[in-house]
Amino acid sequence: MSEMMKLQLLRVSCAHCGQDSTVSVMPDGVHGQFVLRSETSLDEAFLDAVHDPTFDEVDTLLNQSQRMLGKDNWFRAHALQRTYGEIACDPDSTGHAFRIGKLPNCPHCGRAVLNWQAISPPQFVDREIPPATHKVWEHLSTLQKEFRVDDVLERQGF
C-alpha cells in the first residue's frame, strides 16, 4: 500500500544529459519522514521513522557498535541516516540499497542530478510512494543484525 505524500518541487538540470526538469522532495520542516532513494535507479520508498520500529532498532544497534564508541550525537545521527537504508531496508528493484537524504536521479537519463534550485514561490505535488520494506532484516537473528550493522558501517567508512 503506497503512502500519499505532499512533496515540494525543485528545478533540476542534469550535468550528464543537460535536460531540465522538476523533481519532488520532502518539504523543509518535515521531521522523521523520509523519501529513500536508490543509488542506481529511480526507485523510491517512504519511511516514517517515528512509527517504523526498525529505525529505532538500527539506531540502538549502531550506538552499541564498537565503531561508534567516543563519537558524538551528530556523528552517530549522520551514520544512521547514511547507513539505515542499506542495513534495514529491502533493496530496490535492481538489488541496490536505498539512501536517506539522496536527491532524485535525473528522470531523463537516470544519472545523479547535480544542479538544483528551489522554485519560488514553493510548489507542491501529491505523490504516492511505496513504503520501505524490511523482509530480510526481520528474518535476521539479533547476532546477524549486529554483524550487518558493523559490516555496513565498515563498508561506508565509519
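Preceding this section is the structure that the text describes.
Only a predicted model underlies this, so the values are computations on that prediction, with no experimental measurement involved. (Residues numbered from 1 in each chain as written. Predicted model: local features only at pLDDT ≥ 70, side-chain atom pairs only at ≥ 80, totals over all residues. Heavy atoms only, no water.)

A.B. asks: Before we go on, may I ask you to explain the state of the cysteines in this structure?
C.D. replies: Here is the idea: a disulfide is a covalent bond, and it sits between the sulfur atoms of two cysteines. By the definition in use, this model includes zero disulfides. Of the cysteine sulfurs around C106, a residue in no disulfide, the closest is that of C17, at 3.7 Å. (Disulfide = S-S within 2.5 Å.)

A.B. asks: Any chance you could explain the environment of M4 here in plain terms?
C.D. replies: Mapped onto the elements of the fold, M4 is located in strand 1 (residues 3-13). In this structure the C-alpha to C-alpha distance between M4 and L47, which are 43 residues apart in sequence, comes to 12 Å. (Helix = DSSP H or I, 4+ residues; strand = E, 2+ residues; numbered from the N terminus.)

A.B. asks: Where do I start with the packing of aromatic side chains in this structure?
C.D. replies: Each aromatic ring pair is described using two quantities: the centre-to-centre distance and the angle formed by the ring planes. Scanning the entire structure with this criterion turns up three aromatic pairs. Plain terms: the ring middles of F75 and F158 are 5.6 Å apart, the flat faces sit at 80° to each other, and that makes the pair edge-to-face. Separated by 83 residues along the polypeptide, F75 in helix 2 (residues 73-88) and F158 in the segment after helix 4 (142-155) bring together distant segments of the chain. A relative accessible area of 24% places F75 in the partly exposed class. Chaining the aromatic ring pairs together yields one cluster made of F34, F55 and Y84. Over the ring of F75 we find K71, and its NZ or CZ is 5.2 Å from the ring centre. (Phe/Tyr/Trp six-rings, centres within 6.5 Å; stacked < 30°, edge-to-face > 60°. Buried < 20%, exposed > 50% of the residue type's maximum accessible area, 1.4 Å probe, protein only. Lys NZ or Arg CZ within 6 Å of the ring centre and 35° of its normal.)

A.B. asks: So what exactly am I meant to see when it comes to the layout of surface pockets here?
C.D. replies: Taking a probe equal in size to a water molecule and rolling it over the atoms shows the remaining empty space. The calculated volume of the largest pocket comes to roughly 400 Å³. Taken together, 19 residues form the lining of the largest pocket, with V25, M26, P27, D28 and L103 sitting closest to its centre. Those elements giving two or more residues to the lining of the largest pocket turn out to be strand 1, strand 3 (33-38) and strand 6 (115-118). Sort the elements by how many residues they give to the lining of the largest pocket and strand 3 lands first, with four residues. Classifying every residue of the lining of the largest pocket by side-chain character gives eleven nonpolar, five polar and three charged. The calculated volume of the second largest pocket comes to roughly 150 Å³. Lining the second largest pocket are 14 residues; nearest its centre among them are V23, L42, E44, P104 and N105. Contributing elements (two or more residues each) for the lining of the second largest pocket: strand 2 (20-25) and strand 3. The leading source of residues in the lining of the second largest pocket is strand 2, at three residues. (1 Å grid on protein atoms, 1.4 Å probe; cavity = no way out; pocket = protein on both sides within 12 Å on 5 of 7 lines; lining within 4 Å. Points joined across faces, edges and corners; volume = space filled by probe spheres on them. Nonpolar A, V, L, I, M, F, W, Y, C, P; charged D, E, K, R; others polar.)

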